[in-house]
Amino acid sequence: GTQSHLQALLSLYKLFCPEQVTITLPGKMKTYFKNSEGPWKAAITAVRQRNQGTSPLSQAVFLGTSQPQSRKRKWNAQLVIPASSTNTNRLEEEREKNNVYLYSTNESFPVEQLRTFPQLLQNIHRLEFPSQMGSVLTNPLLLHYMNCVKDESIYLRLYYWMGQMLQEECTWCVVDNPYEEEFKSFLQTIYKAECFLQEGFSACEEFLYKTLPLWDGFCCRSEILTLVSWIPPSSSSDIKSYLYDPLAQLFFTSSIYFKCSVLESLKELLQNWLNCNVIQVDLEFSS
């Protein structure tokens, strides 16, 4: 019929198998299906522009999505604990008061006042996490809190924020990205937080699986390979298709140094898996 979504489906069939669709379709129709070759074409364009010189144009590569939003903020703005909605003058007054008053009140304890480990222990049930979850990554006390209090909402907030940041700031997914050093620093911050927590972030795992097929093996090499070592244990089929296969394509065409770096990263990945398994066995045995 003349239904637009059916015509769009037929036009898609006609694009790949024109001999199968003999009817005449309108020339202008609403796009219902994204071009699946978009990421690869953009990746090839990025490599060409990188080899031929700088280009004034930027083209999004990440899964063929829209252009990245222009930044009007400092890059590290999300990694600093912001002031809470509490009145600033009130916070200053509380700072001047005795610590006993702070510990005895039933109100939530602002994280910007958290300075020492004893404060964390005495206020662990009254902490109010900041609105910017990225600030948790650079705060050891809040990372301690994440380890002690397994609150799913905290991990979900961190998952959504981290996934969005990794997608928007990935330097090999945007042509001529001028923030490569900042992105390296961001990846290092994530890695340090994973080492502190002794577990990998699921958002980081998804980012690696999505972008390794587009990775050139050079940009942020050491940071990416260290993040690979903290991929959580999962099924062997996922690991093979999403991790081993993309790395193998780079492995066989790269230098000895890259090969050794990949092997070192996979060795650390195996060690982390074994440590995680030992801890799980100990917990089951003790229970």
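Residues numbered from 1 in each chain as written. Predicted model: local features only at pLDDT ≥ 70, side-chain atom pairs only at ≥ 80, totals over all residues. Heavy atoms only, no water.

- As annotated in an unreviewed UniProt entry, the protein carries the name CENPI protein and is attributed to Eulacestoma nigropectus.
- Under the UniProt heading Sequence similarities (unreviewed entry), the entry covering the protein gives this text: "Belongs to the CENP-I/CTF3 family." (UniProt positions renumbered as here; feature names shortened; annotations may be inferred.)

1. Things to note about the pattern of salt bridges
Moving on, step 1. A full pass over the atoms with the stated rule returns three salt bridges.
Moving on, step 2. In this structure, the salt-bridge partner of E181 is K184, at a minimum N-O distance of 3.9 Å. With E181 and K184 both in helix 8 (residues 180–197), this residue pair falls three residues apart, about one helical turn.
Moving on, step 3. A salt bridge links E264 to K267; the nearest nitrogen and oxygen atoms lie 3.6 Å apart. (Salt bridge = Lys/Arg side-chain N within 4 Å of Asp/Glu carboxyl O. Helix = DSSP H or I, 4+ residues; strand = E, 2+ residues; numbered from the N terminus.)

2. Structural notes on the nonpolar core
Here is a general trend for soluble globular proteins: nonpolar side chains tend to be buried in one another's company.
Moving on, step 1. M162, W172, W215 and I224 are the most contacted members of the largest nonpolar core, which totals 56 residues.
Moving on, step 2. Every element with two or more residues in this core is listed here: helix 6 (140–148), helix 7 (152–169), helix 8, helix 9 (202–211), helix 10 (221–228), helix 11 (236–251) and helix 12 (256–286).
Moving on, step 3. Mapped onto the domain boundaries, this core takes at least three residues apiece from domain 1 (1–21 + 108–169) and domain 2 (184–286).
Moving on, step 4. Apart from the residues within four sequence positions on either side, W215 is in contact with W172, C220, R221, I224, L225, L247, L250 and F258. (Core = buried A, V, L, I, M, F, W, Y, C linked by side-chain atoms within 4.5 Å. Buried < 20%, exposed > 50% of the residue type's maximum accessible area, 1.4 Å probe, protein only. Domains from an automatic or database assignment. Contact = heavy atoms within 4.5 Å.)

3. Considerations on the side chain of E194
Moving on, step 1. Here E194 shows up in helix 8.
Moving on, step 2. An unpaired buried charge is present at E194: no salt bridge exists, and K192, the closest side chain of opposite charge, is 13 Å distant.
Moving on, step 3. Beyond its immediate stretch of four places on either side in the chain, E194 contacts E199, G200, F201, C204, L227 and W230. (Lys, Arg positive; Asp, Glu negative; His and termini not counted.)

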